[in-house]
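Fold and contact review
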Amino acid sequence: MNYSRFLTAVSAARKPSPIRMLTELQQRSPPSLISLAGGAPNPNTFPFQSASIRMKNGEAVTFDETTMKRALQYSASNGIPELLTWMKDLQKSLHNPPTASYSPDKGQMDMCVTTGSQEGLCKVFEMLVNPGDNVLIDAPTYSGTLAALQPLGCNLINVSSDQHGMIPAALKEVLSRWDPAEVHRPGSTAPRVLYTIPNGGNPTGASMTTQRKRDVYELARKYDMLIIEDDPYYFLQFEKPWAPTFLSMDVDGRIIRTDSFSKILSSGLRIGFVTGPKPLVDRVVLHIQASTMHTSSFTQLMVSQLLHSWGQEGFLNHIDGVIEFYRKQRDAMVSSADKWLKDVAEWHAPSAGMFLWIKLKGIADTQQLIMEKALEKEVLLVPGGVFMINSSDPCPYVRAAFSLSTPQQIDEAFRRLSSLIKEAL
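Given the structure is predicted, the values throughout are model-derived calculations rather than measurements.

Take the nonpolar core next. Membership of the largest hydrophobic core comes to 90 residues, with the highest contact counts inside it found for Leu-128, Leu-149, Phe-261, Phe-315, Leu-341, Ile-358 and Phe-414. For this core, the element with the most residues is helix 10 (residues 297-340), which contributes 12 residues. Among all residues touching Phe-261, those that are not within four sequence positions of it are Met-87, Ser-266, Ile-271, Phe-273, Val-303, Leu-307 and Phe-315. One finds Leu-175, Leu-219, Ala-220 and Ile-255 within the second-largest nonpolar core, a separate group that totals 22 residues.

Listed below in structure tokens is the structure:
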């Protein structure tokens, strides 16, 4: 694939940082190397000496003095090597990407660590999206995505979706405005980027079926588009086997995938990953070099130690426990919705994620109802408008999260919501 056609002028102009390259070269060199090159501070001046972080299973992640010096020092912009190696092995094991065996110029699968998947998304958008570009998304979508895309001055084109995610027939209809034979012509306005959350979508809870993914991928091939597969809820799928990913189908090297540890290990550690064709991942890393420099060495080493002690089997056992918790939470929320909201709302039970997307009957717009009246009833949800391309359009939906509240609190919240809706009608 010709990746240069996808890059913005800003991304194409990025050059490697000579200092960062020297830092990374030094870290790969034998201890006998005497370097006067780096501008790193001397870790002997730092006040922290060692650390031991106790795990719930009684084991500990331990930083002795040597490890602590490394944890407190600058590290490679693409991520610490042992964490990247572990994650690449996991991606190959879970997704078996066809691109894993490709040469770099053909789109070989590569990865980098980002400070949460949100940093990865922002950098991917800034790499690919020019002012005036047509970008395809299936709204309602994550408000953080809209916040990252809208200031770039692109035209967001909505592709209709339902409880099974983006509808391929709707995508085909949108794309029919352009001739596939002309997408490479200078000045073509055909979309080059499609963004979707394929599992447990935020806010809808929708998950794409395997066949829909195949159909969408074929349309991406036909129109030579990249697909951004934003999958923070991949590890929160309630049914096994888990759905095949776009990455697992990617014979061309046109998938850029973002993963996150926020929902399964910690949201505060801020560790995410970008997986995609090496020529594009390299551009993201150049942006990291010039901005955050790298994700915290401390949190990367902490997570890396944990993953290496667990192994893939231990990691997936942990995931099973997380899924079991959220499945029970979802069941409690759906049960309370059936009890209190049947007459006044409608919804689809999500098969992944942590959200229930509820359409209120007879309410044209939930913004005022939630922001003013709901607070009086002491119940808070997110009005659906914030997830729409034009947030000021009337929207009858609300998003309820089942991650933090107890089943008893969820039940009481829906009782209050029911009474609120009935009063509004």
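So that's the structure; there's more coming.
Scanning the entire structure with this criterion turns up 24 salt bridges. Among the salt bridges present, the one from Asp-231 reaches Arg-257, with a minimum N-O distance of 2.9 Å. On the criterion of sequence distance, the pair formed by Asp-231 in the loop between strand 9 (226-230) and strand 10 (255-260) and Arg-257 in strand 10 is long-range, its members being 26 residues apart. Take Asp-231 and Arg-257: they sit in the same class, and that class is buried. For Arg-254, the salt bridge is made with Asp-252, and the minimal N-O distance between the two is 3.0 Å. Side by side, Arg-254 and Asp-252 carry an identical accessibility label, which is buried. Residues joined by salt bridges that share partners form a network here, namely Arg-5, Glu-218, Arg-221, Asp-224, Asp-252 and Arg-254.

Along its 18 residues, helix 12 (residues 407-424) runs 26 Å from first to last C-alpha, staying within 8% of the 26 Å computed at 1.5 Å per residue. Inspection of helix 12 places Ile-410, Asp-411, Phe-414, Leu-417, Ser-418, Leu-420 and Ile-421 among the buried residues, and these make up the whole buried set. On its buried face, helix 12 sits against helix 10, strand 13 (355-360), helix 11 (367-376) and strand 15 (397-401).

Before going further, it helps to spend a moment on the sheet that holds strand 11 (residues 272-277). If you trace the 7 strands from one edge of the open sheet to the other, you get 3-11-10-9-8-4-5, paired in mixed fashion. Of all the strands in the sheet, just strand 3 (109-114) and strand 5 (155-158) have a single pairing partner and so form its edges. Here the strands of the sheet are splayed against their neighbours by 20 degrees on average, with no regard to which way each runs. Bridge analysis of strand 10 against strand 11 gives 4 bridges, and the strand direction is antiparallel. Each bridged residue has a counterpart across the sheet, and for Arg-257 the counterpart in strand 11 is Thr-275.

What follows deals with the sheet that holds strand 14 (residues 382-383). Strand order in the open sheet formed by 4 strands is 12-13-15-14, and the pairing between neighbours is antiparallel. Where the open sheet ends on each side, the last strands, each with one partner, are strand 12 (345-346) and strand 14. Of the pairings in the sheet, the one linking strand 13 to strand 15 comprises 5 bridges and is antiparallel in character. By the bridge assignment, Leu-356 is partnered in strand 15 with Ala-400.

About the cut-offs
Residues numbered from 1 in each chain as written. Predicted model: local features only at pLDDT ≥ 70, side-chain atom pairs only at ≥ 80, totals over all residues. Heavy atoms only, no water. Core = buried A, V, L, I, M, F, W, Y, C linked by side-chain atoms within 4.5 Å. Buried < 20%, exposed > 50% of the residue type's maximum accessible area, 1.4 Å probe, protein only. Helix = DSSP H or I, 4+ residues; strand = E, 2+ residues; numbered from the N terminus. Contact = heavy atoms within 4.5 Å. Salt bridge = Lys/Arg side-chain N within 4 Å of Asp/Glu carboxyl O. Expected span 1.5 Å × (residues − 1). Pairing = 2+ DSSP bridges. Axes fitted to C-alpha atoms, helices over the stretch in contact; angles between N-to-C directions.

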